[in-house]
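Reading the structure
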Amino acid sequence: MSSEAQNAEERVVDTATGAEAPAEISEERVQHIFSNIAKQYARFNAVSSFGLFKGWLRKTVDAANLTPESDLLDLAGGTGDVSYMAASRRPPAHIQLTDFVPEMLDVAREREAAGAACGVPIDFEVVDAQEIPYADNSYDAATMAYGIRNIPDRMKALREVHRVLKPGGTFACLEFSTPPNAVWRFLYHIYLKVMIPFWGQVFTHDRPSFVYLADSIRAFPDQEHYAQMLRDAGFSDVSWKNYAGGIVAVHTGHK
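1. Digging into the packing of helix α3 (residues 41-48) against helix α8 (residues 182-204)
The N-to-C vectors of α3 and α8 enclose an angle of 145°; their axes lie 11 Å apart at closest approach. The two elements α3 and α8 meet at a crossing, and its hand is right-handed. Between α3 and α8, the contacting residues are R43, F44, V47 and S48 on the first element and Y191, I196, W199, G200 and F203 on the second.

Structure below.
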């Protein structure tokens, strides 16, 4: 990894381009997009991933190394996809479900009321992952799905995750990534350019916001660069696994 790349990743960026920019640009955009899509978020994920999203969630939960005694922090947890997958697949003792957008958590609460938590105690809180309001060494595991690329100060957020994990704790992060095969990468970028805005128009009638989502995926660092960011934030034994040919990757790191 070049020093230029590392310096770029240390900056506060416009998450649509990766260029240096005030945090407010990205934060206001994220609030707008995800407050609008909250009610349709599950359908959007299912349709836009051709049903593969549930499998990726299972891989993320498995990578978190949960036990029945674990206290799990789900950051950028949205409507609760990771939390409820954990509750049904590898139930921990407690889940702290957090997100930057209150409307997303409103949907997560509705899902809990409908029984999605499978009896696992869950607390909800609006949290900016760049300023996590919890004590050092508080959680056995932390998860994040499709959140880190929407955060303007990514290194600050990763250091915060590391801070609140207990020694030996695991961070499992699902994010869109870069297919290593050039042909598959080319076809995927066409899909991002054409189909993600199309699904956005279908679900929310807000095509421009989904142009941003596609742009943010293309602008996010590739697997190795993101792994290095995790190492720079203090994580050890950092690794990743690609799924769907590298369209997404699950990165893990340990404190």
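2. Re unusual backbone geometry
Notably, A76 is not glycine yet its phi reads approximately 50°, a positive angle. Its place among the elements puts A76 in the loop between β1 (71-75) and α5 (81-89). With phi around 55°, C118 is a residue other than glycine that occupies positive phi space.

3. Topic: a nonpolar patch on the surface
A cluster of nonpolar residues, V183, W184, F186, L187, I190 and V194, forms a patch on the protein surface that exposes about 580 Å² of accessible area. Judged by relative accessible area, which is 43%, V194 ranks as partly exposed.

4. A closer look at empty space enclosed by the protein
The probe, sized like a water molecule, is rolled over the atoms to show the empty space still left. Summed over all chains, the structure comprises one cavity of 30 Å³ or more. Those elements that place two or more of their residues in the lining of the largest cavity are α2 (23-37) and α5. By residue number, the principal contributor to the lining of the largest cavity is α2, which donates four residues. Classifying every residue of the lining of the largest cavity by side-chain character gives 15 nonpolar, seven polar and five charged.

5. Things to note about the pattern of salt bridges
Evaluated as defined, the whole model comprises 11 salt bridges. In this structure, E175 engages R149 in a salt bridge whose closest nitrogen and oxygen atoms are separated by 2.9 Å. Linking E175 in strand β5 (residues 165-176) with R149 in the loop between β4 (139-145) and α7 (154-164), this pair joins segments that are 26 residues apart in sequence. Neither residue differs from the other here; E175 and R149 are each classed as buried. Among the ionic pairs, R218 bridges to D215, the shortest N-O distance being 2.5 Å. In this pair, R218 and D215 both sit in helix α9 (residues 207-219), three residues apart, roughly one turn of the helix. Under the relative-accessibility criterion, D215 is labelled partly exposed at 25%. One network of salt bridges, in which partners are shared, links D62, R89 and R90.

6. A look at α3
Turning to α3, its buried residues are Y41, F44, N45 and S48. In an axial view of α3, the angular spread of the buried residues amounts to 95°, which keeps them on one side of the axis. Positive backbone phi, at 55°, marks F50, one or two positions downstream of α3.

7. Regarding the pairing of β4
Each regular strand displays side chains that alternate between the two surfaces of the sheet. In terms of residue burial, β4 counts as a mostly covered element, since six of its seven residues are buried. The pairing of β1 with β4 spans four bridges and is classified as parallel. What sits directly across from L72, in β4, is A141. By the bridge criterion, six bridges tie β4 to β5 in an arrangement that is parallel.

Conventions adopted
Each residue is numbered by its place in its chain's sequence as written, counting from 1. Thresholds applied to this predicted model are a pLDDT of at least 70 for local features of residues and 80 or more for the giving and counting of side-chain atom pairs; totals over whole chains, interfaces and linings are not thresholded and use all residues. Hydrogens and water molecules were not included; the side-chain quantities draw on all heavy atoms of the structure. Only C-alpha atoms enter the line fits that serve as axes; for helices the fit covers just the stretch in contact. Angles between N-to-C directions range over 0 to 180 degrees. Numbering of helices and strands starts at the N terminus; helices are DSSP runs of H or I of at least 4 residues and strands are runs of E of at least 2. Note: crossing handedness is left-handed where the near helix turns anticlockwise from the far helix by less than a right angle, and right-handed where it turns clockwise. In this description, contact between two residues means that some pair of their heavy atoms is separated by no more than 4.5 Å. Here the term patch refers to residues with relative accessible area over 30% and no salt bridge, with like charges joined within 9 Å and nonpolar side chains (Val, Leu, Ile, Met, Phe, Trp, Tyr) within 5 Å. Each accessible area value is a Shrake-Rupley result obtained with a 1.4 Å probe; residue values ignore everything except the protein chains displayed when judging cover. Basic side-chain nitrogens of Lys or Arg form a salt bridge, by our definition, when they fall within 4 Å of a carboxyl oxygen of Asp or Glu. Whether a residue is buried, partly exposed or exposed follows from its accessible area with a 1.4 Å probe, protein chains only, as a fraction of its type maximum: under 20%, in between, or over 50%, in that order. Here a cavity denotes a set of grid points, spaced 1 Å apart and computed over the protein atoms alone, in which a 1.4 Å probe fits but from which it cannot get out, and a pocket denotes an open set meeting protein on both sides within 12 Å along at least five of seven lines; residues with an atom within 4 Å of a point are reported as lining. Grid points are joined across faces, edges and corners, and a volume is the space filled by probe spheres set on the points. Each residue receives one of three labels: charged for Asp, Glu, Lys and Arg, nonpolar for Ala, Val, Leu, Ile, Met, Phe, Trp, Tyr, Cys and Pro, and polar for the others, Gly being one of them. Summarising the geometry, the arc corresponds to the directions from the helix axis toward the C-beta atoms. Any two strands with at least two DSSP-identified bridges between them are counted as paired.

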